[in-house]
Amino acid sequence: MALEKARQHLAAFGYDSRIQEFETSSATVELAAQAVGCEPARIAKTLSFDVEDGVALIVCAGDARIANPKFKAFFHTKPRMLKAEEVEPRIGHGVGGVCPFGVNEECAIYLDESLRRFDTVFPACGNDHSAVELTPAELEQVTPHSQWIDVCKLPED
């Protein structure tokens, strides 16, 4: 069901034909990179946080980590990821398939600057066996109420 929600969302922008479905799991950055055939950093993982106004979904590079001071400066709270049992009811997609496409209304979408260093990235599409290849500009286009932020650190930071 979540894959179909993501597919419908992407279809509104003409990108549903780009969805890739895999026989193997793509639930983690490493598994997704193997399934897609790219370096793990190009997997656009979507992290989910409980914030005052609802859920903040932060789409960032596969090798990026949340920088607590940057997060706190932007959101005015410490980062607290959703618990596994909260993910599907609050976002509309389950663990391993969380993506910024076809999410529940309480979700605010943020695109982290760590993605801009790549020509294309691969976010999930609602389940743990899917991905879609998009440029950072296309990712911004298909998440019209999103904004670019800088709340992550890279391994070399």
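This one's a predicted model, so the numbers in the text were calculated from it and none came from an experiment.

**A look at the pattern of salt bridges**
Pairing is possible between side chains of opposite charge, provided their charged atoms come close.
Working step 1: Counted according to the given criterion, the structure contains twelve salt bridges.
Working step 2: One salt bridge in this structure joins aspartate 63 and arginine 117, with 2.4 Å as the shortest N-O distance. In this pair, aspartate 63 sits in the loop between strand 3 (54–61) and strand 4 (65–66) while arginine 117 sits in the loop between strand 5 (107–112) and strand 6 (122–123), placing the two residues 54 residues apart along the sequence.
Working step 3: What makes arginine 117 partly exposed here is its relative accessible area of 39%.
Working step 4: Residue arginine 90 is joined to glutamate 106 by a salt bridge in which the shortest nitrogen-to-oxygen separation is 3.0 Å. Of the two residues, arginine 90 is situated in helix 4 (residues 84–91) and glutamate 106 in the loop between helix 4 and strand 5; the sequence distance between them amounts to 16 residues.
Working step 5: Residue arginine 90 is classed as buried on the basis of its relative accessible area of 17%.
Working step 6: Linked through salt bridges whose partners overlap, the residues forming this network are Asp50, Arg80, Glu86, Arg90 and Glu106.

**Let's talk about unusual backbone geometry**
Negative phi characterises most residues that are not glycine, and trans characterises most peptide bonds.
Working step 1: Even without glycine at this site, histidine 76 takes up a positive phi of about 60°.
Working step 2: Along the chain, the position of histidine 76 falls in the loop between helix 3 (68–75) and helix 4.
Working step 3: Histidine 76 sits in the exposed class, given a relative accessible area of 68%.

**Some details on the packing of aromatic side chains**
Working step 1: Scanning the entire structure with this criterion turns up five aromatic pairs.
Working step 2: Ring plane angle 90° and centroid distance 5.1 Å describe the contact between phenylalanine 75 and tyrosine 110, whose orientation is recorded as edge-to-face. Note that phenylalanine 75 is positioned in helix 3 and tyrosine 110 in strand 5, a separation of 35 residues in sequence.
Working step 3: A relative accessible area of 13% places tyrosine 110 in the buried class.
Working step 4: Three or more aromatic residues joined by ring pairs form one cluster here, namely Phe49, Phe71, Phe74, Phe75 and Tyr110.
Working step 5: Across the ring face of tryptophan 148, the terminal group of arginine 116 is positioned such that the distance to the ring centre comes to 3.9 Å.

What counts as what
Residues numbered from 1 in each chain as written. Predicted model: local features only at pLDDT ≥ 70, side-chain atom pairs only at ≥ 80, totals over all residues. Heavy atoms only, no water. Salt bridge = Lys/Arg side-chain N within 4 Å of Asp/Glu carboxyl O. Helix = DSSP H or I, 4+ residues; strand = E, 2+ residues; numbered from the N terminus. Buried < 20%, exposed > 50% of the residue type's maximum accessible area, 1.4 Å probe, protein only. Phe/Tyr/Trp six-rings, centres within 6.5 Å; stacked < 30°, edge-to-face > 60°. Lys NZ or Arg CZ within 6 Å of the ring centre and 35° of its normal.

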